[in-house]
Amino acid sequence: MTTLTDRFGRHFPYLRMSLTEACNYRCGYCLPDGYDGPSRGFLTRGEIGRLLRAFVALGMSKLRLTGGEPSLRRDLVDVIADAAALPGIRKIAMTTNGVVLARRVADWHAAGLTALNVSIDSLDAVRFAAVTGFDHHAQLLDGIEHSLGLGFASVKLNAVLLRGVNDDELDAWLEYVRPRALSVRYIELMRTGENADYFARHHLPASTIAAQLLSRGWSRTERAFDAGPAVEYAHPDYAGRIGLIAPYAPNFCAGCNRLRVTARGDLRLCLFGEFGVPLRDLLQSDDDGETLRARIAQQLGLKAAGHDLHRGNTGITPHLASVGG
Ligand code: SAM
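This one's a predicted model, so the numbers in the text were calculated from it and none came from an experiment.

Calculation rules
- Residues numbered from 1 in each chain as written.
- Predicted model: local features only at pLDDT ≥ 70, side-chain atom pairs only at ≥ 80, totals over all residues.
- Heavy atoms only, no water.
- Helix = DSSP H or I, 4+ residues; strand = E, 2+ residues; numbered from the N terminus.
- Rg over C-alpha atoms; globule rule 2.2 N^0.38 Å.
- Buried < 20%, exposed > 50% of the residue type's maximum accessible area, 1.4 Å probe, protein only.
- Contact = heavy atoms within 4.5 Å.
- Polar contact = N/O pair within 3.5 Å; in protein donor to acceptor, adjacent residues only side chain to side chain.
- Pairing = 2+ DSSP bridges.
- Axes fitted to C-alpha atoms, helices over the stretch in contact; angles between N-to-C directions.
- Near = heavy atom within 4 Å.
- Areas by Shrake-Rupley, 256 points an atom, 1.4 Å probe, with all protein chains shown as cover.
- Nonpolar A, V, L, I, M, F, W, Y, C, P; charged D, E, K, R; others polar.
- Core = buried A, V, L, I, M, F, W, Y, C linked by side-chain atoms within 4.5 Å.
- Salt bridge = Lys/Arg side-chain N within 4 Å of Asp/Glu carboxyl O.

A. Structural detail: the overall build of the protein. Secondary structure summary: the protein contains nine helices and 12 strands in total. Rg of the C-alpha trace for the protein: 19 Å, near the compact-globule value of 20 Å for 325 residues, within the 12% margin. If you line up the protein on its principal axes, its C-alpha atoms span 55 × 40 × 40 Å. Counting over 325 residues, the protein shows a buried share of 54%. Sequence-distant contacts in the protein: of pairs separated by 6 or more residues, those separated by 24 or more amount to 73%.

Take a look at the structure:
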């Protein structure tokens, strides 16, 4: 089977599919006033199935379900099961804020979800509530503990690194991962169309964490071919790992291996690209599969070498909930 390849020789086995733009959190860097857009009009289960079949035929082997908050979809278990039934998809991951984790995660796992990413920006309950707008910290930690017992291939926690908010928590996270086989990922705050002030106040390069890890005896690990953008660090005395996602680092885009489709069916070649390519018109009938695959492959020719974030150009992305972070 071929994988999609662009003009810079990059392969794209990894699709990030947004299931909804809606979110029930109010993270200061994303949707500080909450989501107030439409709650309908997102791709249906049937449209998602056709889209995924096309991507599988083009060599996609890893799928991430995201949003918005994907657990807001009532048909989430069916969407996961449909994807799991497609031969060729080896990994089905989902990124969630974990609000319903303790109640739902076993169903997601049983339906075929293989990997879980849970967003938790702080190990401190008061800080967590200040960032997200909700006092859910204890139930989130319970849900994570519960998830660890289910046999996922991987459980990862996402923490956006925020200057003056959570930039002093590395040692607490190291104690957390000492006995737990999971990976905590620090994501460097990205500037989007709507968060310029927040970004100016709280952005901190992920390299500050890298320096602390190295000084504590942690070392970099090898990156798998379909791995996400994180650089991972390990230490022999710890069961877990720490990952760093540094989108402003030189060469970050050289390792790009993923494409995105929005909850309304637009192909996005880059999280911070200047345009989306509508695919939804070709998701209405099984007869359009060939045309759909041709459109996706042709558009890949337009993928740029890199984003322009370091020059403050955030493309058409007002916030990550709109594209699927
Ligand atoms: N609602 C889900 C969640 O909370 O994980 C999935 C969508 S959310 C957009 C995916 C991830 O992107 C979360 O870990 C979130 O913290 C992160 N994120 C959102 N906006 C960001 C930004 N401007 N910079 C860096 N990470 C961001």
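On we go.
B. Up close: the side chain of N195. Examined against the element boundaries, N195 turns out to sit in the loop between β6 (183–188) and α7 (196–202). One polar contact links the side chain of N195 to the main-chain carbonyl oxygen of M190, over a distance of 3.1 Å.

C. Geometry of the sheet that holds β6. Spatially, 12 strands are ordered β7-β8-β9-β6-β5-β4-β3-β2-β1-β10-β11-β12 in an open sheet, and the strand pairing comes out mixed. Each edge of the open sheet carries a strand with a single partner, namely β7 (219–220) and β12 (277–278). Direction of pairing for strand β2 (residues 62–66) relative to strand β3 (residues 91–96): parallel, over a ladder of four bridges. In the sheet register, L63 faces β3, and the bridge partner there is I92. Contacting β5 (154–161), β6 and β9 (241–245), helix α6 (residues 170–177) crosses the sheet at an angle of about 155 degrees to β6.

D. Structural context of the site of the ligand. Close contacts around the ligand come from 19 residues, with Y29, G68, E69, S119 and M190 the closest. At 3.2 Å, a side-chain N or O of N158 approaches an oxygen atom of the ligand. Compared with its free state, where it exposes 550 Å², the ligand has 95% of that area covered by protein. If you list the elements that add at least two residues to the shell around the ligand, you get β3, β5 and β6. The residue makeup of the shell around the ligand, split by class, is six nonpolar, 11 polar and two charged.

E. Representation of the nonpolar core. One finds M17, F55, L63 and W108 to be the most contacted residues of the largest nonpolar core, which totals 95 residues. With six residues, helix α1 (residues 45–57) is the largest single contributor of residues to this core. With residues near it in sequence (within four places) discarded, W108 still touches S71, L76, V77, I80, M94, T96, V100, L101, L113 and L116.

F. How the structure looks around the pattern of salt bridges. Applying the stated criterion across every chain, the model contains 16 salt bridges. D286 is the salt-bridge partner of R50, the closest N and O atoms lying 2.8 Å from each other. Residue R50 is found in helix α1, and its partner D286 is found in the loop between β12 and α9 (289–300); the two are separated by 236 residues along the sequence. Overall, the relative accessible area of 23% leaves R50 in the partly exposed class. For D286, a relative accessible area of 56% gives the class exposed. The shortest N-O distance in the salt bridge between E232 and R185 comes to 3.3 Å. Linking E232 in strand β8 (residues 231–234) with R185 in strand β6, this pair joins segments that are 47 residues apart in sequence. Across the pair, R185 and E232 agree in class, each one buried. The network of salt bridges with shared partners includes R45, D78 and D82.

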